Protein chains: 2
Amino acid sequence: MFPKDFLVGGTHCGIAKKKDKKDMALFYSKRPAVAAAMFTANLVKAAPVLVSAGHLDKSAHIRAVVANSGCANACTGSRGKQDAEEMCRIVAEQAGVKAAEVLVASTGVIGRNLPMARLPKGIRALWNTVAAGRNDSRAAAEAIMTTDTFAKTAARTINADGSEITVWGCVKGSGMIHPDLKPHATMLGFILTDAVIGRKELDAALRHAVGASFNCVTVDGDTSTNDSVIVLANGAAGNAPLKKGKTPYAVFSSALDAVCLDLARMIATDGEGATHLIEIEVRQASNDRDAKKIAAVVATSPLVKTAIFGKDANWGRIIAAVGRAGVTINPSLIDIYLGDIMVARHGMGTDFSESKALKVLEQKDIKISIDLNMGKGQAKYYTCDYSIDYIKINANYRT
Amino acid sequence: MFPKDFLVGGTHCGIAKKKDKKDMALFYSKRPAVAAAMFTANLVKAAPVLVSAGHLDKSAHIRAVVANSGCANACTGSRGKQDAEEMCRIVAEQAGVKAAEVLVASTGVIGRNLPMARLPKGIRALWNTVAAGRNDSRAAAEAIMTTDTFAKTAARTINADGSEITVWGCVKGSGMIHPDLKPHATMLGFILTDAVIGRKELDAALRHAVGASFNCVTVDGDTSTNDSVIVLANGAAGNAPLKKGKTPYAVFSSALDAVCLDLARMIATDGEGATHLIEIEVRQASNDRDAKKIAAVVATSPLVKTAIFGKDANWGRIIAAVGRAGVTINPSLIDIYLGDIMVARHGMGTDFSESKALKVLEQKDIKISIDLNMGKGQAKYYTCDYSIDYIKINANYRT
């Protein structure tokens, strides 16, 4: 499943230390594509974020996205911006398009400059492979990985009034993960679709999808300087333009939601050192916002995350996190479930079976449900446990 | 250095599993003492917090504080409150005072009931030792420890217009540490002084001291259900009553500040699995509140805490945390220091010596300074690194 008229690939360009680690990805559309993007809300924004936002403002259509791992190009001042612009320019020159029609994204160590001397050769070689029609989506997904342990891609194909539309995406992200993406958000996500859709509609669909996926995933609570989600829609599917309020738009929007959620869950599954994917569902809150706030606090609680690593049904740490979320709650109304097991009722422990709880905690995917019994608000958050490997990975990342 | 007319002690009462682990502390004043206290702002409040707050409202003077480790008596409903009241009643009966003149505090696992059958005998034995005049402040400090690795006490003696006043305090806290203490906050802190001082003045002095000490310390960002700081002033020093605006009050207030800060730093030093005490100073912020908000976010960033464990001068993680603090900043004005070494200037890396930075990071106590270069606001926060032992301790705490 791959959208029509896109060509993508990845290669080793000399940024990553290891020669067999791909570090440069290229996403190219044979046709001018409508684009929407969300970037990090962190006030410290990396150069590629600033450059891409500028290009999006300037250009009605986007033709390519170039993305590197191994260097975040963040906190690099005006030179950093020049380097990001240069990456776009090299691609534009090869593709015969304008530099402002190319977007750029980076991930890796903050505060270092890109090794620009090595880039032109590598990017040109990558262009030549892609332009020759060698479409390698796996190589693209691998090239953006940092501490990720597997390449993350997802796709859906839908039918819109007879036209087949495909939505494909890849994402990276394992640490410094707590995306807070604002319209115009270091996870990097690249989504390609051959749908015919206007910019406004694409933007609305992206916001909706991100709100319930990338903005609900956390590994460490640390919002990155480089988070970017970019979607390109090149129209190759030939469907009637997707309009809000019509069924084909809704179907497309759902497919985009599904692709983003698949990718977000993969980020949590592959969180640094993770041994469990944890899904936290808050139900019956006063409103959805309160529910999301509580879910985020539980999802980032080191005590909850280490308890899950330890396969410890320590619901006291969960309710303590709920209580400090800054949301009005009534402790004596709260019910907590691990999987299907009710471990706390009305704010107090139930006489649950520790051995049954252990069985839940021995699964790879664990669901924690918190019922506030106050209203109709609800939210889900995706995270992972904190393991000994989490500490090892992060104590030794830069040096 | 110990204030006059207080008797304190600690014993094993049958709550802790290990027989040689003291689990019950008693703080007794021979005279009616003026009391001030601050309890957790977590909306899930443990029974002893609710009971102590009620006793403080009812009683003009307090005679004793009884505190246990090994069981938090939190999320225990009405039975929990009865048990906390019963602890006060047993002490009151022995001491010949009213139950409402006794405060109570607990720390340990959430969601379990106290083993009340064992308590009367243990508390009475403790009372008998204390009443016999065996003053054992180390035993009291040990009895409130959970995952703490050392007993934490601090003291100052001052001279107030010829009268010698002593302020002594002990504290416990190693995990679930991010106190958010509100007037009338599982760190437990008990401060005793023989000063003559009114309740209003004592309350003001405590709020001031806590604001720059316990409310600026974090281990894991998890605010507990049981945090309590209690100060008793029994007047045995015989000084003229301390009045705000006068020098002796200021000297007393400074001594209380110093005792609280000493104890707060000890909490960070003894954070679960900690290998470093980290002091984070934010300077030249727009205002003190912004400075404190930023310091708190940096202090709770898992990526900053693991970098320090790895002795990695990874200032990019520090500036990324600053940028997500929800405070208006200008990234290109930010300077960052590790100890005396400027590692970032105007938001970009300096060409600092990695070997000199490593020397700073090999110290036990590490200072991170962040200059926002915007205004006159400042704040300090105290935390510790995240080590492999942190995960081990917390993956195996309850079971």
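Residues numbered from 1 in each chain as written. Chains lettered and ligands numbered in written order. Predicted model: local features only at pLDDT ≥ 70, side-chain atom pairs only at ≥ 80, totals over all residues.

On to the overall build of chain A. Counting its secondary structure elements, chain A contains eleven helices and 15 strands. Principal axes of the C-alpha set define a box for chain A whose edges measure 70 × 55 × 35 Å. Each of the 399 residues in chain A was classed as buried or not, and the buried ones make up 61%. (Helix = DSSP H or I, 4+ residues; strand = E, 2+ residues; numbered from the N terminus. Buried ≥ 20, exposed ≤ 12 C-beta atoms within 10 Å, placed from the backbone.)

Turning next to the relation of the copies chain B and chain A. The two copies are related by a screw motion: chain B maps onto chain A through a turn of 180 degrees and a shift of 0.0 Å along the axis, at an RMSD of 0.0 Å. In short, the pair behaves as if placed about a two-fold rotation axis. The C-alpha atom lying nearest the rotation axis in chain B is that of Ile388 of chain B; the distance is 2.7 Å. A share of 100% of the interface residues of chain B reappears at the interface of chain A, consistent with the copies meeting face to face through the same patch. (Least-squares fit on C-alpha atoms with pLDDT ≥ 70 in both. Contact = placed C-beta atoms within 7 Å.)

Tallying the contact residues gives 51 residues for chain B and 52 residues for chain A. Residue composition of the side of chain B that touches chain A, grouped by class: 23 nonpolar, 21 polar and seven charged. (Nonpolar A, V, L, I, M, F, W, Y, C, P; charged D, E, K, R; others polar.)

Let us now look at the domain arrangement of chain A. Residue and element names in this part refer to chain A. Partitioning chain A into domains gives domain 1 (6-269) and domain 2 (277-395). Domain 1 and domain 2 are separated by 32 Å when their C-alpha centres are compared. For the side of domain 1 that touches domain 2, a count of residues per class yields five nonpolar, five polar and one charged. (Domains from an automatic or database assignment.)

Right, let's talk about the pairing of strand β11 (residues 335-338) of chain B for a bit. Residue and element names in this part refer to chain B. Two elements, β11 and strand β14 (residues 365-371), share four bridges in a ladder whose sense is antiparallel. Counted as the bridge partner of Leu338 is Ile368 from β14. Hairpin connection from β11 to strand β12 (residues 341-345): two residues lie between these consecutive antiparallel strands, with Gly339 at a positive phi of about 60 degrees. (Pairing = 2+ DSSP bridges.)

Before going further, it helps to examine the confidence of the model for chain A. All names here are of chain A. A residue-level look at chain A finds 97% of positions with pLDDT of 70 or above and a mean pLDDT of 91. The secondary-structure element of chain A with the lowest mean pLDDT is strand β7 (residues 181-183), recorded at 60, while strand β14 (residues 365-371) shows the highest, at 97. At the level of chain-chain contacts, confidence expressed as ipTM amounts to 0.79, with global pTM at 0.82. (pLDDT = per-residue confidence, 0-100.)

Let us look at unusual backbone geometry. Most peptide bonds adopt trans geometry, and most residues besides glycine take a negative phi value. One non-glycine residue, Asn373 of chain A, lies in positive phi territory at about 55 degrees. Inspection of the secondary structure assignment puts Asn373 of chain A in the loop between β14 and β15 (377-384). Within the chain, His346 of chain B stands out as a residue other than glycine whose phi angle is a positive 55 degrees. One can find His346 of chain B in the loop between β12 and β13 (348-349).

Our next topic: the sheet that holds strand β12 (residues 341-345) of chain A. Residue and element names in this part refer to chain A. In spatial order, the strands read β13-β12-β11-β14-β10-β15; together these six strands make up an open sheet with mixed pairing. Across the chains shown, the open sheet's two edge strands, defined by having one partner strand only, are β13 (348-349) and β15. Contacts between helix α6 (residues 247-269) and the sheet are confined to β10 (277-285) and β15, with β15 contributing the most and set at about 45 degrees to the helix. Its contacts with the sheet put helix α10 (residues 354-361) on β11 (335-338), β12 and β14, and the angle it makes with β12 is roughly 115 degrees. (Axes fitted to C-alpha atoms, helices over the stretch in contact; angles between N-to-C directions.)

Residue and element names in this part refer to chain B. With seven bridges joining them, strand β10 (residues 277-285) and β14 adopt parallel strand pairing. In the strand pairing of β14, Val282 is matched with Ile370. Where β10 lies against strand β15 (residues 377-384), seven bridges are found, and the strand directions are antiparallel. Residue pairing across strands places Val282 opposite Ala379, the latter belonging to β15.

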